[in-house]
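# An overview of the molecular structure
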Amino acid sequence: MNSPTPRKNIRWATDIGGTFTDIVLSIDGEMHARKVLTTPAQPERAVIDGSLQMMRDMGIAPEMVDIFVHGTTLATNAILERRGARCALIGTEGFRDILSIGDEGRFDQYDIFIEKVAPLIAPELCFTLPERMSAAGEVLRPLDEAAVHALMERIDALGIRSVAICFIHGYANAAHERRVAQIIAEHHPDWFVSLSSEVCPEVREYERCSTTAANAYVKPIMAGYLQRLEQELVEQGFRCPTYLMTSGGGLTTLRSAMEFPIRLVESGPAGGAILAAHVARLCERQNVLAFDMGGTTAKVSFIDDFEPHTSRSFEVDRASGFRKGSGLPLRIPVIDMVEISAGGGSLCDIGMFDNITVGPESASSVPGPACYPNGGTRPTVTDSNLVLGRLDAHNFAGGTIALDTAAASAAIARTLGARLDCAAHIAALGVSQRVEENMANAARVHASECGKDLAKFSMVAFGGAAPVHAVAVARKLGIRQIILPPNAGVGSAVGFLLAPMKYELVRSHCMPVAGFDHARAQALLQAMEDEGRAVVTAGQDANAAEHRVVRRAYMRYMGQGHEVLVELPTAALDAQAEVQLRQWFETQYKALYGRVIPDAQIEVVTWTVSLIGATAEVAPLAATGARQAATRAGTRQLLADGGGEFEHVPVFWRPDLAVGAHFAGPALLDDESTTLLLPAGYTAQVVAERYVIIDETEITA
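Everything in this summary refers to the structure shown in the same document.

### Some points on the environment of Val-193
Residue placement: Val-193 occurs in strand 10 (residues 192-195). Spatially, the C-alpha atom of Val-193 lies 34 Å from that of Ala-363, the residues being 170 residues apart in sequence.

Below is the structure:
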């Protein structure tokens, strides 16, 4: 009698980008990838149709899939392109203009024509109600419920169905916010409601209000999309749990994502940072720069001691390049990174000083670059790379898209070459150099802000366009080694499958350290932990009880404007907490500022509790055997970085290369999702698990 075939462990991840939707299937740990064009009008179509086709090709039925992890730029794009819902803000009487006033800061003190980014909710749609809480959570003025009912009629007459509620000191006592939400639910159950006490229960009214408004702005479009996706999954026969990647680098449930979609703003890039941290552990590189370049944007983040940098603040839609303070502030858990409009689909033009410009506008998937068969006519970075010989016109995106080199060359000649009086391939080279300098400059700025010496870092490159430009960007930054992981072209989606289940809660609750009430603090932390466990348990996580609990406190000297992060033990706080908190705070404060302030009073402002699921143990890559010459798959005409003439260079097909395969530049390394451009002066070697390590062999100009 034949024994039954063992059941396979099948995990599925998708990442919707501005140009491509990346699909990854992990079958018993072996990764398989595919890229399909994003369908902007119905993003779920690319996810479902592309995935089903890939599964059919591999003989996998929907009911065989064990878990589905999804990430999307839909919330981000809705904010950047101002395509969110028309929504209203309800605040405390006397505080109608919080979004317009902001923090009264200026990101450029000397620009008399400064233009700040417009708030997501227009001033005429901001309303107030009579009510007031104190900072301690005491009711100073009861909520006027008659005024609530009257306001509902006004909002209903305006056709608004999404409402943000942000009362003064709502983080300290949410009773009034919840009562307004209850009244809305009784009369308008179809309205979308976002409470600041749930979205961002922290001090600082502007940041809390801005985050709540952003959540209300994207909630209808995200809830609609996720509901359609959920329904389609059921209809197609999928029975697996669905998780969403959050901007903080963890997974959350579908229901939580519908309620707090603002936490998904940087979900795709966060998956890439998780991948880079995984690569850092595998390759034993403590200092790594993650370089992610897709079809629409490029992202740069740092990995220190095998962990990505995280933050609780973030700006979206910056009005002035990389300038801090020029965007909309969001208080959400996020992996700290810088993002610029530089991708394969970034449109190229001639600026006012007859210089080549790249971005911020993108051709996206429709109409796409001029070389795509979708009607695009304007040149992009992808068109330039094709003209330069870097891309295989007949095997792009696994052969799913046939590229038109003549159309790309004509678009570049028409838009750039004619203005610059040069051949199309020379203009294309200028585009490449411009976008590489833009990305390198963004990395320099981010490194300067974080106090990093880039010469001490290795680079991990991923995303469909990153390997084409990674070596050139690394050279500009003084980085001498680049690591190319397997399936680099769909790196963020791979990262989704490496991310743990994670849920973070935050509460602002000021407590002085002198005379510290440890019982009260412990009760608060325990209540937050219990709430988090309820969320992860609802997400069908069988190991919810085994989640690692991380507790943190944000502390400061009384009167200071900002806090210092202090790690707390998982053990219950006891009578020794007062002495311990002071010691922990002063250790962190001195590490940051070089001194402490004797006898100054200290307070805890905000508490956070994170529940983090288990992650797979990572063993360093095994030693690689003896080097061997890589076998060529063919040649391609390539224009070198310095211009001049096209020359035939060897092309290698990555799936055919064995461990130990070694080759030198100039050369090209193709696979189904991306291409590595290896210039002269660099060598590449395939190491264990088919990672590719690129090293500089000589100092190049």
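### Points about the packing of aromatic side chains
Tallied over the entire structure, the rule returns 12 aromatic pairs. Each ring, one from Trp-12 and one from Phe-68, has its centre 3.9 Å from the other, and the planes form 20 degrees; the classification is stacked. Taken together, the positions of Trp-12 in strand 1 (residues 10-16) and Phe-68 in strand 4 (residues 67-72) put the pair 56 residues apart, joining distant regions of the chain. Both residues of the pair, Trp-12 and Phe-68, belong to the buried class. When the ring of Tyr-372 is compared with that of Phe-396, the centres are 6.0 Å apart and the planes differ by 55 degrees; the resulting orientation is tilted.

### A word on the nonpolar core
Core analysis: the largest hydrophobic core is formed by 220 residues, its most contacted members being Trp-12, Ile-79, Ile-155, Phe-291, Trp-607 and Ile-694. The dominant element in this core, judged by the number of residues it contributes, is helix 7 (residues 205-235), at 12 residues. Residue contacts for Ile-79: discarding those within four places in its chain leaves Leu-120, Ala-214, Tyr-217, Val-218, Ile-262, Val-265, Val-316, Asp-317 and Leu-328. Within the second largest apolar cluster, 5 residues are counted, among which are Leu-638, Val-649, Val-651 and Leu-677.

### Overview of unusual backbone geometry
Residue Pro-360 follows Gly-359 across a cis peptide bond; omega there is 0 degrees. Following the sequence through the fold, Pro-360 ends up in strand 22 (residues 356-362). Residues Gly-665 and Pro-666 are joined by a peptide bond in cis, for which omega reads 5 degrees. Topologically, Pro-666 is positioned in the loop between strand 32 (661-664) and strand 33 (667-670). Located in the positive-phi region is Glu-284, a residue other than glycine, with phi close to 55 degrees. Counting through the fold element by element, Glu-284 comes out in the loop between helix 9 (267-283) and strand 13 (287-293). For Glu-284, a relative accessible area of 55% gives the class exposed. Phi is positive for Asp-305, which is not a glycine, with a value near 50 degrees. Within the element layout of this structure, Asp-305 appears in the loop between strand 14 (298-304) and strand 15 (307-308).

### Let's talk about the sheet that holds strand 2 (residues 20-27)
A sheet is described by the order of its strands in space; here 6 strands give the open sequence 3-2-1-4-11-12, paired in mixed fashion. Looking at which strands have only one partner, the edges of the open sheet turn out to be strand 3 (30-37) and strand 12 (251-253). This sheet shows a mean twist of 25 degrees between the axes of neighbouring strands, independent of strand direction. Inspection of the sheet shows strand 1 paired to strand 4 by 6 bridges, in the parallel sense. The residue of strand 4 that forms the bridge with Arg-11 is Ile-67.

### A closer look at the pattern of salt bridges
Throughout the structure, instances matching the rule amount to 37 salt bridges. Across the pair Lys-299 and Asp-292 runs a salt bridge whose closest N-O atoms are separated by 3.9 Å. By the burial criterion, Lys-299 is buried, and Asp-292 matches it. With a closest N to O distance of 2.3 Å, Asp-304 and Lys-452 form a salt bridge. Here the residue Asp-304 occupies a position in strand 14, and Lys-452 occupies one in the loop between helix 12 (424-450) and strand 23 (458-462), the gap between them amounting to 148 residues. For Lys-452, a relative accessible area of 24% translates into the label partly exposed.

Conventions used here
- Residues numbered from 1 in each chain as written.
- Predicted model: local features only at pLDDT ≥ 70, side-chain atom pairs only at ≥ 80, totals over all residues.
- Heavy atoms only, no water.
- Helix = DSSP H or I, 4+ residues; strand = E, 2+ residues; numbered from the N terminus.
- Phe/Tyr/Trp six-rings, centres within 6.5 Å; stacked < 30°, edge-to-face > 60°.
- Buried < 20%, exposed > 50% of the residue type's maximum accessible area, 1.4 Å probe, protein only.
- Core = buried A, V, L, I, M, F, W, Y, C linked by side-chain atoms within 4.5 Å.
- Contact = heavy atoms within 4.5 Å.
- Pairing = 2+ DSSP bridges.
- Axes fitted to C-alpha atoms, helices over the stretch in contact; angles between N-to-C directions.
- Salt bridge = Lys/Arg side-chain N within 4 Å of Asp/Glu carboxyl O.

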